[in-house]
Amino acid sequence: MNSQVITEMLLSGVLQQKQKKLDEVRSQLNWGTPLSELPVWDKSEFIEKSKTQTGLIVISGIVHDCADFLVEHPGGQPLLKSSFGKDATVAFNGGVYAHANAAHNLLATMRIAVIRDSRASGNTFNSQLEYLAKKSEEALAKKEKN
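Residues numbered from 1 in each chain as written. Predicted model: local features only at pLDDT ≥ 70, side-chain atom pairs only at ≥ 80, totals over all residues. Heavy atoms only, no water.

Student: Which residues make up the nonpolar core, and what values do they have?
Tutor: Ile57, Ile59, Cys66, Phe69, Leu70, Leu80, Phe84, Ala88, Phe92, Leu107 and Met110 form the largest nonpolar core, which has eleven residues in total. Residues Trp41, Phe46, Leu56 and Val58 belong to the second largest nonpolar core, which totals seven residues. (Core = buried A, V, L, I, M, F, W, Y, C linked by side-chain atoms within 4.5 Å. Buried < 20%, exposed > 50% of the residue type's maximum accessible area, 1.4 Å probe, protein only.)

Right, here's the structure in full:
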């Protein structure tokens, strides 16, 4: 065996050990309830529940209970309150502010239901990237047209 093959084998072993440790830490984190385990609501059910349960917001087809986060929201209480009982997908994904991946991870811990036929995906950050790319393409097309 030549030295390059041996070096690659050693690096592979080191990488595998690092991945094992990373997987251990990852398994202890709260990534939110998997979508497959959440109840499925119709939009009308969301609207009805929003009348009595403060703090419900839909983002990317997933219902989140954000009531306990109101005081902590970095954008302020009025901004978050204005989304209660509504679909805030556009606002959350860049219409008002494009949130960091950490915000998407935190949001995942607030999941309580999925909206029927919403094609919800557990990865709201990718949904945001798609929204921002589309918005950018539209702006570019508009600029080229003018």
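Read on, since the account is not over.
Student: So what about the pairing of strand β2 (residues 56-59)? Which residues, and what values?
Tutor: Residues Leu56 and Val58 point to one face of β2 and Ile57 and Ile59 to the other, with burial holding for every one of them. With four bridges joining them, β2 and strand β3 (residues 62-65) adopt antiparallel strand pairing. Across the sheet, the residue bridging to Ile59 is Ile62, located in β3. Linking β2 back to β3 in an antiparallel pair, the connection comprises two residues, with Ser60 at a positive phi of about 55°. (Helix = DSSP H or I, 4+ residues; strand = E, 2+ residues; numbered from the N terminus. Pairing = 2+ DSSP bridges.)

Student: Can you break down the sheet that holds strand β1 (residues 40-41) residue by residue, with the values?
Tutor: A sheet is described by the order of its strands in space; here four strands give the open sequence β1-β4-β3-β2, paired in mixed fashion. Each edge of the sheet is formed by a strand with only one pairing partner; in this case those strands are β1 and β2.

Student: Outline the pattern of salt bridges, listing residues and values.
Tutor: Within the structure shown, the criterion is met by three salt bridges. Measuring nitrogen to oxygen at the nearest pair gives 3.9 Å for the salt bridge that ties Glu45 to Lys49. With Glu45 and Lys49 both in helix α2 (residues 43-52), this residue pair falls four residues apart, about one helical turn. Assessed through its relative accessible area of 30%, Glu45 is described here as partly exposed. (Salt bridge = Lys/Arg side-chain N within 4 Å of Asp/Glu carboxyl O.)

Student: Help me get a handle on the environment of Asn101, residues and values and all.
Tutor: The topology assignment puts Asn101 in helix α5 (residues 101-108). Using a relative accessible area of 39% as the deciding quantity, one classes Asn101 as partly exposed. C-alpha separation for the pair Asn101 and Phe125, spaced 24 residues apart in sequence, amounts to 6.1 Å.

Student: Kindly report on unusual backbone geometry, identifying the contributing residues and their values.
Tutor: The phi dihedral of Ser60 falls on the positive side, at around 55°, and the residue is not glycine. Mapping Ser60 onto the fold places it in the loop between β2 and β3. Classification of Ser60 as buried rests on a relative accessible area of 13%. Notably, Asp117 is not glycine yet its phi reads approximately 60°, a positive angle. Here Asp117 lies in the loop between β4 (111-115) and α6 (124-145).

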